[in-house]
Structure formats: C-alpha cells, structure tokens
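Descriptive structure summary
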Amino acid sequence: MEATATLFSFSLPSTKTQTRHFITRPVNPFYSPSKPVFKTRRSLPSITATISRTRKEETVESVRHQLENCYLLAGINYKGLTVKQFQDLRKSLPETTKLLVAKNTLVYKALEGTQFEPLKPCMKGMNVWLFVHTEEIPAAIKPYRDFQKEMKLEENDFTGAVFEGKFYGPDEFKKLETLPTRAEIYANLLGSLKSPASSLVTTIQAPARELLMVLKAHIKNLEEKEQGSAV
C-alpha cells in the first residue's frame, strides 16, 4: 500500500509541471513582452514630417514661379474671409494677377535675395498674396478695391506691397493706385517734346522706368513717320 501511494504522489506533480511548461512557452521566438505590439506605428511621425517638408518646398517653388515677370507683390489681410468670398475674389481678378495663400515664413524664404525682399514688414498675421504680372498697376489693384467695398471688408486691407524694389505701407497705397498708365506716359512725353525745355526737364526727372517707356514711344513715333515719308 505504501508503494502505490508513493507512485501516485510522484506522477501527479510531474503531469502538472509538464502542462504548465507547454502553456507558457512563447509561440513567437522574436516576441518580447517589454516592447509594445504597435512598435511599427511609431514610424508614422517621420513619414508625416517628410510629407510636410515636401509640401513646404512645393509652396516655396510656387511663390518663386509667381515672382517671374512680377511687377508688384502685395499682401492682403486674409483673416475673416470665407471660402466663398475668396473664390469670388479670385474670379473677379484679371488674368494678369494671381492670388496665393501661403505661410509668411515660406513666402519670405522665396523672396530672399530678390527685389521683393523689402516685403518683410508684412510677414505677420494672416496674408493672402497678390502677384501682379503687368505694368498697369492701378488696373491690377482696382478689382480688389471694388471687391473690398462691395463686400464691406474694410479690415481686409492691403498690409503692404513692393514695387520696383520699394516697400509701400498701407498708408502709401494711394501712390500705387494713382500711377500713370502707359498711355498717359506716352501723352506726357509727346506733350513735353512740343512744350518749352523746362517741361522736358521735368519729364527727364521722372523715374527711370517711366522715362524709358516715354523714349521708346517717341522712337516708335519717329520710325512710323519715316516709313510714311518713304512711301
């Protein structure tokens, strides 16, 4: 009786020990309880950062592209404009002007080393950027002025602009809006050539850009007269 009892007592613990060993054995030899299961998800922020950096580079390139053949670049206070208002504004502008929404830091990065770098005082707040690709500055600015009055957007005013390398603050925009048109410059030149010398001197003292346009118009006029005489 004692031998049987001893055998039974010995085999029972042995069976339990084997069962426990089988259950706790890890199925995956590479599994480590100290590491979270979602370890691979931690790589997502780096992917997001790469996409963000790419978008920033694309924005800078878009601004640089718009700077080509750009005569005036202006900032407009964008805060408070609805999506519909912004869409309507874009439709109201001529083809020679483009609107671009971009962060101040990215815009300034694109402007560094260019004639538009003096626009730095505008790099604060929320801006939408107006690129003017024509010499007819007043005609390019007027559509926004009309839109601003129609929509009663007094607070969404120009924050500044750069024209021919010079910065114009909001209080100086009247100078840009009253610049003479090309036709007016031509008329002034022709009138000066027929008037006393003092008037011609006044014309010569005008900005270099205006004088150049005037001289080109005069040369063209002389060439047309010569062609007419030859015929």
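You'll find the structure just up there.
Residues numbered from 1 in each chain as written. Predicted model: local features only at pLDDT ≥ 70, side-chain atom pairs only at ≥ 80, totals over all residues. Heavy atoms only, no water.

**Quick notes on the side chain of N156**
The cut-off we apply is this: In this description a helix means any DSSP run of H or I spanning at least four residues, a strand means any run of E spanning at least two, and both kinds are numbered starting from the N terminus. Whenever two N or O atoms come within 3.5 Å, that pair is a polar contact, provided that in protein one can donate a hydrogen and the other can accept it, and provided that, for residues adjacent in sequence, both atoms are side-chain atoms. Any pair of residues with heavy atoms lying within 4.5 Å of one another is described as a contacting pair.
Mapped onto the secondary structure, N156 falls in the loop between α5 (137–150) and β4 (158–163). At a separation of 2.8 Å, a polar atom in the side chain of N156 contacts the main-chain carbonyl oxygen of N77. Contact partners of N156, with chain neighbours within four places excluded, come to I76, N77, Y78, K79, L81, Y144 and Q148.

**Things to note about the pairing of strand β1 (residues 72–77)**
The line we're drawing: Each residue is assigned to one of three classes by its accessible area relative to the maximum for its type, calculated with a 1.4 Å probe on protein chains only: buried under 20%, partly exposed between the two thresholds, exposed over 50%. Any two strands with at least two DSSP-identified bridges between them are counted as paired.
For β1, a buried count of five out of six residues is recorded, marking the element as mostly surrounded by other parts of the structure. Judged from the six bridges that link them, β1 and strand β3 (residues 127–132) form a sheet pairing that is antiparallel. Across the sheet, residue I76 finds its bridge partner in β3, namely V128. Sheet analysis places β1 next to β4, joined by five bridges and oriented antiparallel. Residue pairing in the sheet places G75 in a bridge with G160 of β4.

**Brief notes about the nonpolar core**
Within soluble globular proteins, side chains that are nonpolar generally end up buried alongside one another. Stated precisely, the cut-off is as follows: We call a set of buried Ala, Val, Leu, Ile, Met, Phe, Trp, Tyr and Cys residues a nonpolar core when their side-chain atoms join them within 4.5 Å.
In this structure, L72, L130, F158 and L176 are the most contacted members of the largest nonpolar core, which totals 24 residues. Elements with a contribution of two residues or more to this core: β1, α3 (83–92), β3, α5, β4 and α6 (173–177). The greatest single-element share of this core, amounting to five residues, is contributed by α5. For L130, the residues in contact, after removing those within four places along its chain, are L72, L73, A74, I76, L93, T97, K98, L99 and F158. Within the second largest apolar cluster, 19 residues are counted, among which are L100, A110, L119 and M123.

**Let's talk about the environment of N104**
By secondary structure assignment, the location of N104 is in helix α4 (residues 104–111). Linking N104 and W129, residues 25 residues apart in sequence, is a C-alpha distance of 9.6 Å. Look past the residues within four positions of N104 in its chain and what remains in contact with it is C122, M123, K124, G125, N127 and W129. At a separation of 3.2 Å, a polar atom in the side chain of N104 contacts the side chain of N127.

**Looking at the pattern of salt bridges**
For side chains of opposite charge, pairing can occur when their charged atoms come near one another. Definition in use: Between Lys or Arg on one side and Asp or Glu on the other, a salt bridge is scored when a side-chain nitrogen of the former is within 4 Å of a carboxyl oxygen of the latter.
Here the structure, examined in full by the defined rule, presents six salt bridges. Across the pair E61 and R64 runs a salt bridge whose closest N-O atoms are separated by 3.1 Å. With a gap of three residues between them, E61 and R64 both fall in helix α2 (residues 44–67), about one helical turn apart. Accessibility expressed as a relative area gives 46% for E61, which makes it partly exposed. The class of R64 is partly exposed, set by a relative accessible area of 36%. With a shortest N-O distance of 2.7 Å, D157 and R145 are connected by a salt bridge.

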